[in-house]
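Letter by letter, the chains look like this.
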Amino acid sequence: MNENLFEYYQRLNRDRLLLSVTGPISQEIGKQYGALLKGMESISENRRIVVLGVFVELAQNVLRYSAEKSGSVGLGVVIISESDSTFEVSSGNLIPSGEQKELEESFARLSTLSGDELRVAYKEKRKEARTGTGDSAGLGLIELFRRCKSVRCRFEPVKEGMLFFTVEAEVSKD
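Residues numbered from 1 in each chain as written. Predicted model: local features only at pLDDT ≥ 70, side-chain atom pairs only at ≥ 80, totals over all residues. Heavy atoms only, no water.

### With respect to the nonpolar core
Reasoning step 1: With 37 residues, the main nonpolar core has Val54, Phe55 and Val151 as its most contacted residues.
Reasoning step 2: Examining the composition of this core, we find that eight residues originate from one element, helix α3 (residues 45-65), more than from any other.
Reasoning step 3: Among all residues touching Phe55, those that are not within four sequence positions of it are Leu19, Val21, Gly30, Tyr33, Gly34, Val78, Ile80 and Val89. (Core = buried A, V, L, I, M, F, W, Y, C linked by side-chain atoms within 4.5 Å. Buried < 20%, exposed > 50% of the residue type's maximum accessible area, 1.4 Å probe, protein only. Helix = DSSP H or I, 4+ residues; strand = E, 2+ residues; numbered from the N terminus. Contact = heavy atoms within 4.5 Å.)

Printed below as a string of structure tokens:
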């Protein structure tokens, strides 16, 4: 580590980090951290449910879609921090650079939809998955946009053909 542990601790406190998972993100890890989040009494029960749902969705995305694997488990990072008015849930993992365009288009399209339009899009996607005319990929992203104040993504080139894909979701404290 390039900094001493106390400096790291101070930075985490300054950034108001509540929870951080780095490395292999498995279903079991998600459950354990979810249980920890449920026990955070400083967060209202209603907000805990929403933040937990966003955390689980982002953790599942790392588990399923990270290009970097440990066995069958995706590698990445998922964090929860807070500001005065929001909880920020973020995830990051490696993806092939060829996926960037489709992801950018999905985020851009969903960011323009109203709450009612997101609800309709979610129902249509679920119906497609149930009837076999489509798959469930994208349901989680629609749900993020429904639950969150804002959802953004970023792409950082890491090495030839690979990007570090970051999703940042803000959950209102209200």
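### Things to note about the packing of helix α2 (residues 27-38) against α3
Reasoning step 1: Viewed as axis vectors pointing N to C, α2 and α3 meet at an angle of 165 degrees, and their least axial separation amounts to 10 Å. Looking at the two axes, α2 sits roughly antiparallel to α3. Considering how the two elements wind past one another, α2 and α3 form a crossing that is right-handed. Residues Gln27, Gly30, Tyr33, Gly34, Leu37 and Lys38 of α2 pack against Arg48, Val51, Leu52, Phe55, Gln60 and Leu63 of α3.
Reasoning step 2: Across the contact of α2 with α3, the residue classes break down as six nonpolar, four polar and two charged. (Axes fitted to C-alpha atoms, helices over the stretch in contact; angles between N-to-C directions. Parallel < 35°, antiparallel > 145°, perpendicular 65-115°, else oblique. Left-handed = near helix turned anticlockwise from the far one by under 90°. Nonpolar A, V, L, I, M, F, W, Y, C, P; charged D, E, K, R; others polar.)

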